[in-house]
Amino acid sequence: MIRKKSTATKAKAAVTKVTTAKAARKPANDEQYEVVLREGGGTVLTAQVIDRVLYPRALAWNRLLSTDQGRQTDQDKEAKTWRAKGHETILELAAAGEVARDEAEAFIIAAAKSGIVQVEMQWRKETSGWAARVFPWEALLALATKNEREQIGQESFVVVRVLTGGEKHGPATNPPSFVITGGAEDAGFDFKTEQAAINEALQGTLRSQRVRTLEELGDKIAAGKPSIVHLVLYSDEKGMIISAKDAQTKPDERLTEKVAEAVAAHGPDLVVFSSCYTGRRLAPLAVAKGARVAIGFHGEVMDTSIPVFFGAFYRARHQGAGVLDSLRAGLAANLSQANPHDLGTVTLWSAEDLIQQKSTKRSAARLKTTSTGTGDGGVVPAAEIEAALPVICTVEEALNYSVLHNSRGGLFKVFAVTKIKEGKMDPLEVTVRLDTGLDRPAECHFFAKLPAEADRQQDLAANVTLPLGSQLLRQRGEALLGTVEVVVRCGAVQIFHRLQSIKLLPCDEWRDDETGRHLLPSFVFPRDPAVRDVLTAAQPFLRALCDQPTAGFDGYQCGFTTDPNEAVTLQSKAIWAALQHTWRLDYVNPPPSYARASQRLRIPEEILRARRGTCIELALLLASCWEHVGIFPVIFLTKRHAFAGYWISDVARSEFIDGLGKLLDHARTSGKEPTEKNLGGKRESKVKEPWMLAEPHHLATICGEVRAGHLVPLETTFIPLQRSFAEAMSHSREMLMRLPGNGEFDGMLDVQTAREKGVTPLAIIAQGIVA
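**Student:** Teacher, can you tell me more about the overall build of the protein here?
**Tutor:** The number of helices and strands found in the protein is 26 helices and 30 strands. By the burial criterion, 58% of the 771 residues in the protein qualify as buried. Residue pairs at least 24 apart in sequence account for 75% of intrachain contacts in the protein once pairs closer than 6 positions are excluded.

**Student:** What's the story with helix H5 (residues 137-152) in this structure? I'm lost.
**Tutor:** Each full turn of the α-helix corresponds to 3.6 residues, which orients residues three or four apart in the same direction. Here H5 spans 22 Å end to end across 16 residues, near enough to the 22 Å set by a 1.5 Å rise per residue. Considering bend angle alone, the principal kink of H5 is centred on Lys-146 and spans about 50 degrees. Turning to H5, its buried residues are Trp-137, Glu-138, Leu-140, Leu-141, Ala-142, Leu-143, Ala-144, Thr-145, Glu-148 and Arg-149.

**Student:** Got a minute to help me understand the sheet that holds strand S14 (residues 391-395) in this structure?
**Tutor:** Pairing between the strands of a sheet comes from backbone hydrogen bonds, and it takes one of two forms, parallel or antiparallel. Across the sheet, which stays open at both edges, the three strands sit in the order S14-S16-S19 with antiparallel pairing between neighbours. Edge positions in the sheet fall to S14 and strand S19 (456-459), since each has one partner strand and no second. Neighbour-to-neighbour, the strand axes of this sheet turn through a mean angle of 20 degrees, independent of strand direction. Sheet analysis places strand S16 (residues 412-419) next to S19, joined by four bridges and oriented antiparallel. In the sheet register, Thr-418 faces S19, and the bridge partner there is Gln-457.

**Student:** Looking at this structure, how should I read the pairing of strand S30 (residues 745-750)?
**Tutor:** A regular strand places its side chains so that they alternate between the two faces of the sheet. A large share of S30 lies buried, amounting to six of its six residues. By the bridge criterion, five bridges tie strand S26 (residues 633-638) to S30 in an arrangement that is antiparallel. Across the sheet, residue Thr-638 finds its bridge partner in S30, namely Phe-745. Sheet topology note: the strand S28 (residues 692-693)/S30 ladder contains two bridges and is antiparallel.

**Student:** Which parts of the structure should I look at to understand the nonpolar core?
**Tutor:** Soluble globular proteins: nonpolar side chains tend toward being buried together. Counting 88 residues, the largest nonpolar core has Leu-520, Ile-575 and Met-748 as its most contacted members. Broken down by element, this core gets its largest block of residues, eleven residues, from helix H21 (residues 615-629). With residues up to four places along the chain from it excluded, the contact list for Met-748 reads Val-634, Ile-635, Phe-636, Trp-647, Phe-656, Trp-691, Met-692, Leu-693, Ile-702 and Leu-711.

**Student:** Just checking my understanding: could you explain the sheet that holds strand S18 (residues 442-448) for this structure?
**Tutor:** In space, the five strands of this open sheet follow the order S15-S21-S20-S17-S18, with mixed pairing throughout. Bordering the open sheet on either side are strand S15 (398-399) and S18, each of which pairs with just one other strand. Where strand S17 (residues 428-435) lies against S18, seven bridges are found, and the strand directions are antiparallel. Each residue of the ladder has a partner; that of Thr-431, found in S18, is His-445.

**Student:** Where do I start with unusual backbone geometry in this structure?
**Tutor:** Note on backbone geometry: most residues besides glycine have negative phi, and most peptide bonds are trans. That bond from Gly-170 to Pro-171 is cis: its omega, 10 degrees, falls within 30 degrees of zero. You can see Pro-171 is positioned in the loop between strand S5 (158-164) and strand S6 (177-181). In this model, Arg-611 sits at a positive phi of 60 degrees, which is unusual for a non-glycine residue. Of note, Arg-611 is situated in the loop between helix H20 (604-610) and strand S25 (612-613). Its relative accessible area of 36% is what places Arg-611 among the partly exposed residues. Although it is not a glycine, Gln-722 sits at a positive phi angle of roughly 55 degrees. With respect to the element layout, Gln-722 can be found in the loop between strand S29 (711-714) and helix H25 (725-738).

**Student:** What's the story with the side chain of Lys-421 in this structure? I'm lost.
**Tutor:** By the element assignment, Lys-421 lies in the loop between S16 and S17. There is a polar contact of 3.3 Å between the side chain of Lys-421 and the side chain of Glu-200.

**Student:** Any chance you could explain the environment of Glu-215 here in plain terms?
**Tutor:** Residue placement: Glu-215 occurs in helix H8 (residues 214-224). C-alpha separation for the pair Glu-215 and Val-259, spaced 44 residues apart in sequence, amounts to 9.6 Å.

**Student:** How do you make sense of the packing of aromatic side chains when you look at a structure like this?
**Tutor:** Where two aromatic rings form a pair, the distance of their centres and the angle of their planes describe that pair. Taken as a whole, this structure holds 14 aromatic pairs when the rule is applied. Residues Trp-647 and Phe-656 carry aromatic rings whose centres are separated by 5.1 Å and whose planes lie at 40 degrees to one another, so their mutual orientation is tilted. Classification of Trp-647 as buried rests on a relative accessible area of 0%. Among the aromatic residues, ring-to-ring pairing joins Phe-297, Phe-309, Phe-310, Phe-313 and Tyr-314 into one connected group. We note Arg-653 situated over the ring of Phe-632; from NZ or CZ to the ring centre the distance is 5.4 Å. One Lys or Arg, Arg-723, reaches over the ring of Phe-718 and ends 4.2 Å from the middle of that ring.

**Student:** Just checking my understanding: could you explain the environment of Leu-520 for this structure?
**Tutor:** Its place among the elements puts Leu-520 in the loop between strand S22 (509-511) and helix H18 (529-546). Between the C-alpha atom of Leu-520 and that of Thr-760, which follows or precedes it by 240 residues, the distance is 9.9 Å. Not counting residues within four places of it along the chain, the set of residues in contact with Leu-520 comprises Trp-510, Leu-601, Ile-616, Leu-620, Ile-635, Leu-637 and Leu-749.

**Student:** Whenever I open this one, the pattern of salt bridges confuses me. Can you help?
**Tutor:** Oppositely charged side chains may form a pair once their charged atoms are brought near each other. Counted according to the given criterion, the structure contains 34 salt bridges. A salt bridge links Glu-216 to Lys-220; its shortest N-O distance comes to 3.2 Å. Of the two residues, Glu-216 and Lys-220 are both situated in helix H8; the distance of four residues between them amounts to about one turn of the helix. Residue class for Lys-220 comes out partly exposed when judged on its relative accessible area of 29%. A salt bridge links Arg-602 to Glu-617; the shortest N-O distance between them is 2.7 Å. Here Arg-602, found in the loop between strand S24 (598-600) and H20, pairs with Glu-617, found in helix H21; they are 15 residues apart in sequence, far enough to count as distant.

Analysis parameters
Residues numbered from 1 in each chain as written. Predicted model: local features only at pLDDT ≥ 70, side-chain atom pairs only at ≥ 80, totals over all residues. Heavy atoms only, no water. Helix = DSSP H or I, 4+ residues; strand = E, 2+ residues; numbered from the N terminus. Buried < 20%, exposed > 50% of the residue type's maximum accessible area, 1.4 Å probe, protein only. Contact = heavy atoms within 4.5 Å. Expected span 1.5 Å × (residues − 1). Bend = angle between axes of the 7 residues up to and from the residue. Pairing = 2+ DSSP bridges. Axes fitted to C-alpha atoms, helices over the stretch in contact; angles between N-to-C directions. Core = buried A, V, L, I, M, F, W, Y, C linked by side-chain atoms within 4.5 Å. Polar contact = N/O pair within 3.5 Å; in protein donor to acceptor, adjacent residues only side chain to side chain. Phe/Tyr/Trp six-rings, centres within 6.5 Å; stacked < 30°, edge-to-face > 60°. Lys NZ or Arg CZ within 6 Å of the ring centre and 35° of its normal. Salt bridge = Lys/Arg side-chain N within 4 Å of Asp/Glu carboxyl O.

Here it is as structure tokens:
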């Protein structure tokens, strides 16, 4: 969908059309409709679609694309797998519409060559054609054509959508309007940089408005009749919030149609919805209600990526580019970002055919680099520097040692500067200082060069590294209050300064939230001295269980038996027996913690010294022992409980991690059929890391591995309860099988994958930590 070539492609005179026969007769309630894929060179593929057939695939791919990319350890293999799956899915969809496979293959080749695909469908009513509107055409077509595009050197690829049959109004000609809803403000959206970037791109013609209710939104849009409505609102897969009071802080899907009508009924040239999940339902509704073009985001989008994309998009538009060239300019600017995938998928809906339109006078590539005269010799004047470099900076409420240790940020939720004006500037000078009052301040000081182009962003948080060698950070027993000072200068101009307090959490405190839940493998300590003591105590049990006087812990090497699975099981049983009979551990509640959604975790040495542990501490202790001997552990998390498990072989784990096909199968069957009340796959926001599997289709796959005997879960609280290994395994299996559908599953963490991705044990100093 993205890349750099920017000239719009004219439709060729000779059009190759592939039209299907009508699909097989279906029951009366299976409404059939037509979806047309048109590529820029003229090839057209037409298929008959039924929601009941397409919807499971749409739901599955939406889930997979948002949660499962980057899970394989072999990235090259993963890329090939995703491309192959995307390619095959397009062929399957064509076949379902009775399009011959060779004709579908020819369309993919033609689309790769032209670099643009237009997906066309007709508007009847919202419950008709829903599956085609929520289908991730942009991502799947990009995957399906990737190999062919690489072979011919076609880097640019754009997918747009056309929705015919909507209402016609306007045209509206009044100045553009930037509208901020109360729900977005209440959610803490940082929209000021986005607004500044767009206003600069449109040369100050943008009108700003704030609305607190749906009625106020409708009244102000109806009164102003702006040609462009840029709406910042809070939304997710469950709906949206205009006013927190009206929606009682919960997203409401019933607002969607009313919002679309409010912003589009006067016939605007463009409506932009600057929020997550607005490209699936809200944007096409806006086109159906009278907007000529509507833009939303198919899935999630990060705040920091928005100013760059929209700054370039509106700059190209202001200079005379059409909507296609403007889209290309925005996507090209986004490629300059440190993390271009943060933008997600931009979904553009149009009431008119965009491929057939004449190309603009200037290409997006030229528009992107055209100077607008920003000062003497292309240098931005000192008086304009502060306004030209808006800074977004949000400091975390608490500093978590495990996040710092694993280089996952930790100090800032976001810290970035966006350059919204063209011209040369001095490098940025950034100073970040953390002061506890009990130790020397930890300080980070660095410089960052700025490009001459506008619509560029620097992720300053990525360059902030604080020293972790302080004994205070590694040894303190309680939380304490510190201060963070942030100073950003551009030459002689100070563009940003902030001084605020921050809570420093104890180094043994684990955050059970989006910030730190996925870093639980850092609390698995295979090199702790207590782990060696456990294994020493377990050695006689192992030799007795296998009746081998020389047997030892060798993980998956299985040197003392010909049955690899039995060898791993016997080693696990020996460790279990040592913890039960030699150490006689008891169960205990966790140590007190004074932060929400967090828990103090004892290291193995403290557990054995006190001879007691919580459910999660016992799970981590068992995982530490497994990892020490070379058995790959996992940790299961539910809403109120934790327990451990291990892979019966390294091959079983590798096949699971690489098993994208299995995840696709489970994702297809974990959703519901579309109805008026369920117009999309609703899911809770989960941590998206390769070692953290937390989605419903992940759980389905995990349960399949457990049933097959490849993954062995163990209820670790059965250690202090003096219950058998077999009982612990049976109980945890039953518990896992009951989890699907009840919302209790928080995830499974694969410790070995976390290690491969750089998550290592914490360097905690045991002495002085409260047990």
